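Each chain, letter by letter, is given below.
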Amino acid sequence: MLKVSVYSPVRNLYEGSAKSVELPSEKGRFMVLENHAPVLALLETGTVYIMTDNDTLVEFAISGGFAKVCNNVIDVCVETVQ
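Along each chain, residues carry numbers from 1 onward, in the same order as the chain's sequence is written. Under the rules for a predicted model, residues below a pLDDT of 70 receive no local features and side-chain atom pairs below 80 are neither given nor counted, while totals for whole chains, interfaces and linings still include all residues. The side-chain values count all of the structure's non-hydrogen atoms but skip hydrogen atoms and water molecules.

**Q** Can you walk me through the environment of A61 in this structure?
**A** Helix and strand labels come from DSSP, where a helix needs a run of H or I of at least four residues and a strand needs a run of E of at least two; each type is numbered from the N terminus. Relative to the elements of secondary structure, A61 occurs in strand β6 (residues 57–62). Relative accessibility thresholds used throughout: buried, under 20% of the residue-type maximum; exposed, over 50%; partly exposed, between the two (1.4 Å probe, protein chains only). With a relative accessible area of 27%, A61 lands in the partly exposed category. In the structure, A61 is positioned 20 residues away from V81 in sequence and 5.6 Å away in space, judged by C-alpha atoms.

**Q** Please clarify how the pattern of salt bridges should be interpreted in this entry.
**A** Opposite charge on two side chains permits pairing when their charged atoms draw close. The salt bridge definition used is simple: a Lys or Arg side-chain nitrogen within 4 Å of an Asp or Glu carboxyl oxygen. In this structure the tally under the stated criterion is 3 salt bridges. With a closest N to O distance of 3.9 Å, K3 and E15 form a salt bridge. Highlighted residues: K3 in strand β1 (residues 2–7) and E15 in strand β2 (residues 12–25), separated in sequence by 12 residues. Judged by its relative accessible area of 44%, K3 is partly exposed. For E15, a relative accessible area of 45% gives the class partly exposed. One salt bridge connects K19 with D55, and the closest N-O pair in it is separated by 2.6 Å. In this pair, K19 is assigned in strand β2 and D55 in the loop between β5 (46–52) and β6, connecting sequence segments 36 residues apart. For D55, a relative accessible area of 52% corresponds to the exposed category.

**Q** Teacher, can you tell me more about the nonpolar core here?
**A** What tends to happen in soluble globular proteins is that the nonpolar side chains get buried as a cluster. In this text, buried Ala, Val, Leu, Ile, Met, Phe, Trp, Tyr and Cys residues form a nonpolar core when linked through side-chain atoms within 4.5 Å. If you look at the biggest cluster of nonpolar residues, it comprises 22 residues, and the most contacted ones within it are V4, V6, V21, L23, I50 and F60. If you list the elements that add at least two residues to this core, you get β1, β2, β3 (28–33), β4 (39–43), β5, β6, β7 (65–70) and β8 (73–78). The greatest single-element share of this core, amounting to 5 residues, is contributed by β2. When checking whether two residues touch, look at their non-hydrogen atoms; a contact exists if any pair is within 4.5 Å. If near-sequence neighbours (up to four positions away) are discounted, I50 is found in contact with V4, V6, Y14, A18, S20, V21, T56, L57, V58 and F60.

Below is the structure:
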(Lines give C-alpha, C1' and ligand atoms only; values in the text may rest on other atoms or scores of the structure.)
Protein backbone atom coordinates (compact mmCIF):
# COMPACT_ATOMS: atom_id res chain seq x y z
CA MET A 1 0.00 0.00 0.00
CA LEU A 2 1.10 3.57 -0.70
CA LYS A 3 0.95 6.39 1.84
CA VAL A 4 -0.15 9.53 -0.02
CA SER A 5 -0.20 13.20 1.01
CA VAL A 6 -1.38 16.00 -1.27
CA TYR A 7 -0.83 19.59 -0.13
CA SER A 8 -1.53 23.06 -1.48
CA PRO A 9 -0.13 26.29 -0.01
CA VAL A 10 -3.37 26.82 1.91
CA ARG A 11 -4.43 23.35 3.08
CA ASN A 12 -3.92 19.60 3.18
CA LEU A 13 -6.02 18.17 0.33
CA TYR A 14 -5.62 14.43 0.89
CA GLU A 15 -3.88 12.15 3.34
CA GLY A 16 -4.34 8.40 3.28
CA SER A 17 -3.40 5.11 1.72
CA ALA A 18 -3.81 4.21 -1.93
CA LYS A 19 -3.31 1.44 -4.46
CA SER A 20 -2.08 3.81 -7.19
CA VAL A 21 -1.48 7.46 -7.99
CA GLU A 22 -1.36 8.95 -11.50
CA LEU A 23 0.41 12.29 -11.92
CA PRO A 24 0.80 14.82 -14.80
CA SER A 25 4.54 15.44 -15.02
CA GLU A 26 6.47 17.65 -17.43
CA LYS A 27 7.66 14.49 -19.23
CA GLY A 28 4.15 13.01 -19.49
CA ARG A 29 1.68 11.26 -17.21
CA PHE A 30 3.02 8.50 -14.98
CA MET A 31 1.52 6.04 -12.53
CA VAL A 32 2.99 5.11 -9.17
CA LEU A 33 2.28 1.66 -7.78
CA GLU A 34 3.63 -0.07 -4.68
CA ASN A 35 7.45 -0.44 -4.62
CA HIS A 36 7.98 2.21 -7.33
CA ALA A 37 11.55 3.44 -7.77
CA PRO A 38 12.35 6.76 -6.04
CA VAL A 39 11.31 9.77 -8.13
CA LEU A 40 11.31 13.54 -7.83
CA ALA A 41 9.11 15.04 -10.57
CA LEU A 42 7.93 18.49 -11.61
CA LEU A 43 4.19 18.50 -12.25
CA GLU A 44 2.32 20.44 -14.91
CA THR A 45 -1.31 21.48 -15.25
CA GLY A 46 -3.52 18.40 -15.28
CA THR A 47 -5.35 15.98 -13.02
CA VAL A 48 -4.00 13.88 -10.15
CA TYR A 49 -5.84 10.57 -9.81
CA ILE A 50 -5.65 8.58 -6.57
CA MET A 51 -7.14 5.08 -6.37
CA THR A 52 -7.68 4.55 -2.65
CA ASP A 53 -7.28 1.21 -0.92
CA ASN A 54 -11.09 0.83 -0.88
CA ASP A 55 -11.33 1.41 -4.68
CA THR A 56 -12.56 5.02 -4.52
CA LEU A 57 -11.18 7.37 -7.15
CA VAL A 58 -10.09 10.79 -5.83
CA GLU A 59 -9.28 13.52 -8.38
CA PHE A 60 -7.59 16.94 -8.13
CA ALA A 61 -7.21 19.38 -11.04
CA ILE A 62 -3.88 21.12 -10.44
CA SER A 63 -1.86 23.91 -12.03
CA GLY A 64 1.59 22.50 -11.30
CA GLY A 65 3.86 21.55 -8.43
CA PHE A 66 6.14 18.65 -7.62
CA ALA A 67 5.96 15.07 -6.35
CA LYS A 68 8.39 12.96 -4.35
CA VAL A 69 8.13 9.17 -4.34
CA CYS A 70 10.29 7.12 -1.96
CA ASN A 71 9.72 3.89 0.01
CA ASN A 72 5.99 3.70 -0.84
CA VAL A 73 5.42 7.28 0.40
CA ILE A 74 4.20 9.89 -2.08
CA ASP A 75 4.25 13.58 -1.20
CA VAL A 76 2.56 15.86 -3.74
CA CYS A 77 2.84 19.64 -3.37
CA VAL A 78 0.62 21.55 -5.78
CA GLU A 79 0.52 25.24 -6.65
CA THR A 80 -3.26 25.55 -6.96
CA VAL A 81 -6.27 23.25 -7.08
CA GLN A 82 -9.30 23.99 -9.25
